[in-house]
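Residues per chain, in single letters:
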Amino acid sequence: QVQLVESGGGLVQSGGSLTLSCAASGIFFSITTMGWYRQAPGKERELVATITPGSTTAYADFVKGRFTIHRDDAKNTAYLEMSNLKPDDTAVYYCNSRRESFPQSTHWGQGTLVTVSE
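Let me sum up the structure you'll find in this document. None of the values given here were measured: they were computed from a predicted structure. Residue indices follow the written sequence of each chain, beginning from 1 at its first position. Only residues with pLDDT of at least 70 are given local features in this predicted model, and only at 80 or more are side-chain atom pairs given and counted; all residues enter the totals for whole chains, interfaces and linings. Computation of side-chain values covers all heavy atoms of the structure but excludes hydrogens and water.

**Some remarks on the sheet that holds strand 8 (residues 77-82)**
Then comes step 1: Strand pairing is assigned whenever DSSP identifies at least 2 bridges connecting the two strands. Counting from the N terminus, the helices are the DSSP runs of H or I reaching at least four residues and the strands are the DSSP runs of E reaching at least two. Spatially, four strands are ordered 1-3-8-7 in an open sheet, and the strand pairing comes out antiparallel. The two strands at the open ends of the sheet, each matched to only one other strand, are strand 1 (3-7) and strand 7 (67-72). In this sheet, adjacent strand axes meet at a mean angle of 15 degrees when their direction is disregarded. Every angle, taken between N-to-C directions, lies between 0 and 180 degrees, and every axis is a line fitted to C-alpha atoms, over only the stretch in contact when it is a helix.

Listed below in structure tokens is the structure:
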């Protein structure tokens with residue numbers, strides 16, 4: 001059974017920092033691209049950052065220079081380090097796994113809420 005369990009969300013003041021974790025089980029983590037998405041109230045889910053099995057990263061423009069994604073294959077865990085948080089970053093953050101080799105698969109975590117106050 002595949003599980004992606006996010007943690008680390010919470011309430012933080014504008015300008016503050018948080019680190020989200022995504023612990024994966026039931027997947028071949030080291031060959032899986034991991035990603036973070038977010039969904040703000042009333043908005044569609046959007047891509048925040050991804051990291052490939054080779055640790056190539058990609059970021060949405062609105063987080064470049066503020067967020068860092070990394071992975072620890074030994075712990076089957078992906079992280080999203082967030083700094084200089086803004087109220088517009090308030091959202092539920094979801095972990096995503098995507099295996100592009102056969103058999104392809106994608107999975108989602110349950111989400112963790114990040115609230116940034118003024």
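**Quick word on the packing of aromatic side chains**
Then comes step 1: Pairing of aromatic rings covers Phe, Tyr and Trp, the last through its six-membered ring, and needs centres within 6.5 Å; plane angles under 30 degrees mean stacked, over 60 mean edge-to-face, and all others mean tilted. Evaluation of the coordinates by the stated rule reveals one aromatic pair.
Then comes step 2: Here the basic side chain of Arg 45 rests over the ring of Tyr 94, its NZ or CZ set 3.7 Å away from the ring centre.
Then comes step 3: The rule for a charge over a ring is simple: NZ of Lys or CZ of Arg within 6 Å of the ring centre, and within 35 degrees of the ring normal. The ring of Trp 108 is capped by Arg 45, whose NZ or CZ atom sits 4.6 Å from the centre of that ring.

**A look at the nonpolar core**
Then comes step 1: Residues Met 34, Trp 36, Val 48, Phe 67, Leu 80, Met 82 and Tyr 93 are the most contacted members of the largest nonpolar core, which totals 27 residues.
Then comes step 2: Every element with two or more residues in this core is listed here: strand 3 (18-25), strand 4 (33-39), strand 5 (46-51), strand 7, strand 8, strand 9 (91-99) and strand 11 (112-117).
Then comes step 3: Examining the composition of this core, we find that four residues originate from one element, strand 3, more than from any other.
Then comes step 4: Throughout, a residue-residue contact means that at least one pair of heavy atoms, one from each residue, lies within 4.5 Å. Ignoring sequence-local partners within four residues, the contact set of Leu 80 consists of Leu 18, Thr 19, Leu 20, Trp 36, Val 48, Ala 49, Phe 67, Thr 68, Ile 69 and Tyr 93. We call a set of buried residues a nonpolar core when its members are Ala, Val, Leu, Ile, Met, Phe, Trp, Tyr or Cys and they connect through side-chain atoms within 4.5 Å of each other. When a residue's accessible area, from a 1.4 Å probe over protein chains only, is under 20% of the maximum for its type it is buried; when over 50% it is exposed; and in between it is partly exposed.

**Observations concerning the environment of His 70**
Then comes step 1: Inspection of the secondary structure puts His 70 in strand 7.
Then comes step 2: Judged by its relative accessible area of 29%, His 70 falls in the partly exposed class.
Then comes step 3: Taking the C-alpha atoms as reference, His 70 lies 6.8 Å from Ile 51; in sequence the two are 19 residues apart.
Then comes step 4: In terms of polar contacts, His 70 uses its side chain to reach the side chain of Glu 81, at 3.0 Å. Identification of polar contacts relies on pairs of N or O atoms within 3.5 Å, with a donor-acceptor requirement for protein atoms, meaning one able to donate a hydrogen and the other able to accept it, and with residues adjacent in sequence counted only if both atoms are side-chain atoms.

**A few points about the pattern of salt bridges**
Then comes step 1: Basic side-chain nitrogens of Lys or Arg form a salt bridge, by our definition, when they fall within 4 Å of a carboxyl oxygen of Asp or Glu. Going through the model one piece at a time under the given rule, you end up with six salt bridges.
Then comes step 2: One salt bridge in this structure joins Asp 61 and Lys 64, with 3.2 Å as the shortest N-O distance. When sorted by exposure, Asp 61 lands in the same class as Lys 64, which is exposed.
Then comes step 3: Two residues, Arg 98 and Glu 100, come together in a salt bridge whose shortest N-O distance is 2.8 Å.

**Here's the deal with the side chain of Arg 38**
Then comes step 1: Tracing the backbone shows Arg 38 in strand 4.
Then comes step 2: Overall, Arg 38 belongs to the buried group, its relative accessible area being 6%.
Then comes step 3: Looking at Arg 38, its side chain comes within polar contact range of the side chain of Tyr 93, at 3.0 Å.
Then comes step 4: Not counting residues within four places of it along the chain, the set of residues in contact with Arg 38 comprises Glu 44, Arg 45, Glu 46, Val 48, Phe 62, Val 63, Phe 67, Asp 88, Asp 89, Ala 91, Val 92 and Tyr 93.

**Observations concerning unusual backbone geometry**
Then comes step 1: With omega at -5 degrees, the peptide bond leading from Phe 102 into Pro 103 counts as cis.
Then comes step 2: Checked against the element boundaries, Pro 103 lands in the loop between strand 9 and strand 10 (105-108).
Then comes step 3: The backbone of Asn 76 sits at a positive phi, close to 50 degrees, despite the residue not being glycine.
Then comes step 4: By secondary structure assignment, the location of Asn 76 is in the loop between strand 7 and strand 8.
Then comes step 5: Here Asn 76 falls in the partly exposed class, since its relative accessible area comes to 26%.
Then comes step 6: Although it is not a glycine, Asn 84 adopts a positive phi angle of roughly 50 degrees.
Then comes step 7: Along the chain, the position of Asn 84 falls in the loop between strand 8 and strand 9.
Then comes step 8: In this structure Asn 84 comes out as partly exposed when scored by relative accessible area, which is 42%.

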